[in-house]
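Understanding the architecture of this molecule
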Amino acid sequence: MLETGIKGCQEELATEEKMARNVGSGLVKVYATAMMIALMEKAAVLSVQPYLEEGQGTVGTLVNVSHCAATPQGMKVRAESELIEIDRRRLVFKVAAYDECGLIGEGLHERFIIDNERFQSKTDAKKANA
């Protein structure tokens, strides 16, 4: 059953391809904000997926996070999520990310529960109307 308090955790290594200068989000060799946000989203997605009905998933609709410390290549990064609010199909997560020295980012992330097939069909139909 989907309820507040569900937690998620995901880890990855800050590799060369995840550096800001290689993902187009900066010119320096530090773990990219975009990669940190993606890891936070992954923690949230995977934490609630087992509680959803067959054929359902979630999509991200809002990210409001600060990236407060830089992480060099080669360090481990860990993202944590906690489901703090459920409003029908809307889910709100508190998210945070850490490297081996401490907190590097934190904030809120919002997702909506969707029917995967219906959502994909509607999205694919945009090509026919473009």
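Rules used throughout
Residues numbered from 1 in each chain as written. Predicted model: local features only at pLDDT ≥ 70, side-chain atom pairs only at ≥ 80, totals over all residues. Heavy atoms only, no water. Helix = DSSP H or I, 4+ residues; strand = E, 2+ residues; numbered from the N terminus. Contact = heavy atoms within 4.5 Å. Core = buried A, V, L, I, M, F, W, Y, C linked by side-chain atoms within 4.5 Å. Buried < 20%, exposed > 50% of the residue type's maximum accessible area, 1.4 Å probe, protein only. Expected span 1.5 Å × (residues − 1). Polar contact = N/O pair within 3.5 Å; in protein donor to acceptor, adjacent residues only side chain to side chain. Pairing = 2+ DSSP bridges. Axes fitted to C-alpha atoms, helices over the stretch in contact; angles between N-to-C directions.

**Notes on the side chain of Lys-18**
Among the structural elements, Lys-18 can be located in the loop between β1 (7-13) and α1 (20-23). Those residues within four positions of Lys-18 in sequence are excluded, and the remaining contacts are Glu-12, Leu-13, Val-23, Val-30, Tyr-31, Ala-32 and Met-35.

**Remarks on the nonpolar core**
Leu-2, Tyr-31, Val-48, Leu-83, Leu-91 and Phe-93 are the most contacted members of the largest nonpolar core, which totals 21 residues. Elements supplying a minimum of two residues to this core: α2 (33-48), β3 (76-87), β4 (90-99) and β5 (102-115). Tallying contributions element by element places α2 first for this core, with six residues. With sequence-adjacent residues up to four places away left out, Leu-91 is seen in contact with Leu-2, Val-48, Thr-58, Leu-83, Glu-85, Ile-86, His-109, Glu-110, Arg-111 and Ile-113.

**Section: the environment of Leu-52**
Structurally, Leu-52 is set in the loop between α2 and β2 (56-67). Residue classification places Leu-52 among the buried positions, given a relative accessible area of 12%. Considered as a pair, Leu-52 and Leu-83 are 31 residues apart in the sequence and their alpha carbons are 14 Å apart. Each residue touching Leu-52, except ones within four places of it in the same chain, is listed here: Leu-2, Gly-57, Thr-58 and Ile-113.

**Some thoughts on helix α3 (residues 116-129)**
End to end, α3 covers 21 Å across 14 residues, agreeing with the expected 20 Å (1.5 Å per residue, within 8%). N-capping of α3 is provided by Asp-115, with a side-chain oxygen placed 3.3 Å from the backbone N of Glu-117.

**Quick notes on the sheet that holds β5**
Strand order in the open sheet made by the five strands is β1-β3-β4-β5-β2, with antiparallel pairing throughout. Two strands in the sheet have a free side with no partner beyond their single neighbour: β1 and β2. This sheet shows a mean twist of 25° between the axes of neighbouring strands, independent of strand direction. By the bridge criterion, ten bridges tie β3 to β4 in an arrangement that is antiparallel. Note on β4: the bridge partner recorded for Glu-85 is Val-92. Contacts between α2 and the sheet are confined to β1, β2, β3, β4 and β5, with β1 contributing the most and set at about 140° to the helix. Those strands touched by α3 are β2 and β5, and its axis lies near 90° from that of β5.

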